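# Descriptive structure summary
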Amino acid sequence: MERIAVLIPCYNEELTIKKVIEDFKKELPNADIYVYDNNSKDKTAQIAKEAGAIVRKENRQGKGNVVRTMFREIDADIYVMVDGDDTYPAEFVHELIKPVVNDEADMTIGDRLSNGTYQKEIKKNFHEFGNNLVRNAINLLFNNNLKDIMTGYRVFNRTFVKNMPVMSPKFELETEMTLFALDKKYRIKEIPIVFRERPEGSESKINTFSDGIKVMKTIIKMFKDHKPLKFFSIIFMIFLIIGLSVGIPVIVEFCKTGYITKMPSALLATGLITLAVISEQCGIILETIVKQHRESYELNLLRYEQIEKKDREEKGNA
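Source: prediction; values computed, not measured. (Residues numbered from 1 in each chain as written. Predicted model: local features only at pLDDT ≥ 70, side-chain atom pairs only at ≥ 80, totals over all residues. Heavy atoms only, no water.)

## So, the overall build of the chain
For clarity, the cut-off: Only DSSP runs of H or I with at least four residues qualify as helices, and only runs of E with at least two residues qualify as strands; both kinds are numbered from the N terminus onward. Relative accessibility decides the category of a residue: with a 1.4 Å probe and only protein chains considered, values under 20% of the type maximum give buried, values over 50% give exposed, and everything between is partly exposed. For this analysis, residues touch if any pair of their heavy atoms sits within 4.5 Å. Methods summary: accessible areas were calculated by the Shrake-Rupley approach with a probe of 1.4 Å, and residue burial reflects only the protein chains presented.
In terms of helices and strands, the chain carries eleven helices and seven strands. Per-residue burial for the chain yields a buried fraction of 45% across its 318 residues. Sequence-distant contacts in the chain: of pairs separated by 6 or more residues, those separated by 24 or more amount to 76%. Accessible surface, the chain: about 17100 Å² in total, of which carbon and sulfur atoms supply 59%.

Structural data, given as C-alpha cells:
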C-alpha cells in the first residue's frame, strides 16, 4: 500500500487549519498529515495538533524553507502539498494522486486557471497579469503549454521529492518546482480544480509587488542557469545592435575621409562589440557546463532509483 503524506506549510492559519486537516483526513484516512508551523503568532500549531496532525516547527521564515525541510524529513511514497488557507478543496486530491500512483506523472498540478474560478475569486488584476507573465515566459523558455505555474496544490512521487534541491526561500517556490521539473524532464500533468477565496478574516501572505519581483528574479536566474546560451545570446544581440548603431557612422566616416573624428563613438562601439563577443563566449561555455550537469544528474538519478528498487526488494523479502 502506498504511503501518502499530506504536507501543509503554515503561518498564522488558525482560522482555517482545522478544516483543512479534517477535509484531508476524510478524503485520505490512511495518510499522515504534517503541519509545519513557520513561527506563527497565533494558535495554528495548537489547533493543528488538536485536529490530529503531526505538528513540527521550522524556524527559518519562508515557505521555501519549510518545504525544503519537509522534503528532507518526511518519508513517504506519495506527497501531497497544499496550503493551509482552505483555498484548495480536498476532494480533488484523488484526481491529483491518480496519475502519480499509476506512474503517468512525477508531479501533478492543481490547475486553478482553466475553469475560471481563480479569476472570479481573486479580484486583483495585477495577480492575473503576473500569473500570465510568468506562465508565458516559462512556456516560451521550455516550449511547453502549462496552464498554471504558481499553484500551491501539487502531488509528487518520492523520486521527485528526494532529488529536487529546494533553493527558493519564500513564495518563488512553486515557480522553481515547475522550472526544475521542466528542465530535468520530469513528467507533469495538470488537473483542473476549483479555487476558493480565503474565508473572511483570513489574510493572504503574498505581497503582490514584492513577491512578483522575486518570482521574476527567479525566472531570470533560472533562464540563466538552465538556458545560458539563449540567455547570453540575447545579451550578445543587445550589445551587438547598440555597438553597430554607434559604430557604423564611424566606419562610414572613415571610408569617406580616411579619418576618424568621432573618437568617443569609436571607443564606445569597440567596447560594446567586445562585450557582445564575451557574452556569447560565456553562453557557449556555460551551455557546455549545464549539459554536463544534466548528464551527471541523470546518472545520479539512475543510481538513486536502483538503490530504491533494491531497498523495496529487501523489504519485500523481509
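## Some remarks on the packing of aromatic side chains
How two aromatic rings sit relative to each other is given by the distance of their centres and the angle of their planes. The condition that has to hold: Stacked, edge-to-face and tilted are the three classes for Phe, Tyr and Trp ring pairs, Trp counted by its six-membered ring, which pair at centre distances within 6.5 Å; planes under 30 degrees apart are stacked, over 60 edge-to-face, the rest tilted. Charges are assigned to positions over rings by a cutoff of 6 Å between ring centre and Lys NZ or Arg CZ, combined with an angular limit of 35 degrees from the ring normal.
Scanning the entire structure with this criterion turns up eleven aromatic pairs. Each ring, one from Y88 and one from F195, has its centre 5.7 Å from the other, and the planes form 75 degrees; the classification is edge-to-face. Of this pair, Y88 sits in the loop between strand 4 (78-81) and helix 4 (93-101) while F195 sits in the loop between strand 7 (188-192) and helix 9 (208-226), and the two are 107 residues apart along the sequence. Centre to centre, the rings of F180 and Y297 are 5.9 Å apart; their planes meet at 85 degrees, and the pair counts as edge-to-face. Placement of F180 in helix 8 (residues 173-183) and of Y297 in helix 11 (residues 263-317) is noted, with a sequence separation of 117 residues between them. Under the relative-accessibility criterion, F180 is labelled buried at 7%. These aromatic residues form a ring-pair network of at least three members: F71, F156, F160, F180, Y186 and Y297. In this structure, R112 is placed above the aromatic ring of F195, and the distance from its NZ or CZ to the ring centre is 5.9 Å.

## Considering the pattern of salt bridges
Stated precisely, the cut-off is as follows: The term salt bridge refers to a pairing of a side-chain nitrogen on Lys or Arg with a carboxyl oxygen on Asp or Glu at a separation within 4 Å.
Scanning the model with the defined rule gives 20 salt bridges in all. Its salt-bridge partner being K184, residue D183 comes within 2.7 Å of it at the nearest N-O pair. Salt bridges linked by common partners bring R3, D75, D77, R158 and E308 together as one network.

## Quick notes on the sheet that holds strand 4
Condition: Pairing between two strands is assigned when DSSP locates at least 2 bridges connecting them. To get an axis, a line is fitted to the C-alpha atoms, and for a helix only the part in contact is used. The angle between two axes follows their N-to-C directions and goes from 0 to 180 degrees.
Across the sheet, which stays open at both edges, the seven strands sit in the order 3-2-1-4-6-5-7 with mixed pairing between neighbours. Whereas interior strands pair on both sides, the edge strands pair on one side only; in this sheet they are strand 3 (54-57) and strand 7. Within the sheet, the average angular offset between the axes of one strand and its neighbour, ignoring direction, is 20 degrees. Strands strand 1 (4-10), strand 2 (32-37), strand 3, strand 4 and strand 6 (154-157) of the sheet are contacted by helix 3 (residues 63-73), whose axis makes an angle of about 155 degrees with strand 1.

## Digging into the confidence of the model for the chain
Put simply, the rule is: The predictor's confidence in any single residue is recorded as pLDDT, a number from 0 to 100.
Counting all residues, the mean pLDDT for the chain is 89, and 89% of those residues have values of 70 or more. Strand 4 holds the highest mean pLDDT among the elements of the chain, 98, whereas helix 5 (residues 117-121) holds the lowest, 58.

## Some words on the pairing of strand 5 (residues 107-111)
Taken across its five residues, strand 5 has five buried, putting it largely inside the fold. Neither face of strand 5 is left uncovered, since the one carrying M107, I109 and D111 and the one carrying T108 and G110 both have all their residues buried. The pairing of strand 5 with strand 6 spans three bridges and is antiparallel. Bridge pairing in strand 6 links I109 to R154. Looking at chain direction, strand 5 and strand 7 are connected through five bridges and run parallel. Across the sheet, residue M107 finds its bridge partner in strand 7, namely I188.

## What to know about the nonpolar core
Formally: Residues belong to a common nonpolar core when they are buried Ala, Val, Leu, Ile, Met, Phe, Trp, Tyr or Cys residues joined through side-chain atoms within 4.5 Å.
Grouped together as the largest cluster of nonpolar side chains are 31 residues, with contacts concentrated most on V6, I8, I21, F24, L28, V80 and Y153. Among the secondary structure elements, those contributing two or more residues to this core are strand 1, helix 1 (17-27), strand 2, helix 2 (44-50), strand 4 and helix 4. Residues in contact with F24, not counting those within four places in the same chain, are V6, P29, I33, V80, V82, A90, V93 and Y153.

## Considerations on a nonpolar patch on the surface
To keep it simple, the criterion reads: A patch consists of residues exposed above 30% relative accessible area that lack any salt bridge, with like charges linked at up to 9 Å and nonpolar side chains (Val, Leu, Ile, Met, Phe, Trp, Tyr) linked at up to 5 Å.
Where nonpolar side chains cluster on the molecular surface, the patch consists of F254, I260, M263 and L267 and spans about 390 Å² of accessible area. With respect to the helices and strands, the residue F254 is situated in helix 10 (residues 228-257).

## A closer look at unusual backbone geometry
Phi at N12 is positive, roughly 55 degrees, even though this residue is not glycine. For N12, a relative accessible area of 24% gives the class partly exposed.

## Focus on the side chain of N65
Within the secondary structure, N65 is located in helix 3. N65 has contacts with E58, R60, S168 and P169, leaving out every residue within four places of it along the chain.

## Some words on the packing of helix 10 against helix 11
Rules: What sets the label is the angle itself: under 35 degrees gives roughly parallel, over 145 gives roughly antiparallel, 65 to 115 gives roughly perpendicular, and the rest give oblique. Take the far helix as the reference: if the near one is turned anticlockwise from it by less than a right angle, the crossing is left-handed, and if turned clockwise, right-handed. Amino acids outside the nonpolar list (Ala, Val, Leu, Ile, Met, Phe, Trp, Tyr, Cys, Pro) and the charged list (Asp, Glu, Lys, Arg) are all regarded as polar, and Gly is one of them.
Contact geometry of helix 10 with helix 11 gives a least axis separation of 8 Å together with a crossing angle of 165 degrees. Taken together, helix 10 and helix 11 sit at an angle that is classed as roughly antiparallel. Both helix 10 and helix 11 take part in a crossing whose hand is left-handed. Grouping the constituent residues of the contact of helix 10 with helix 11 by class yields 23 nonpolar, six polar and two charged.

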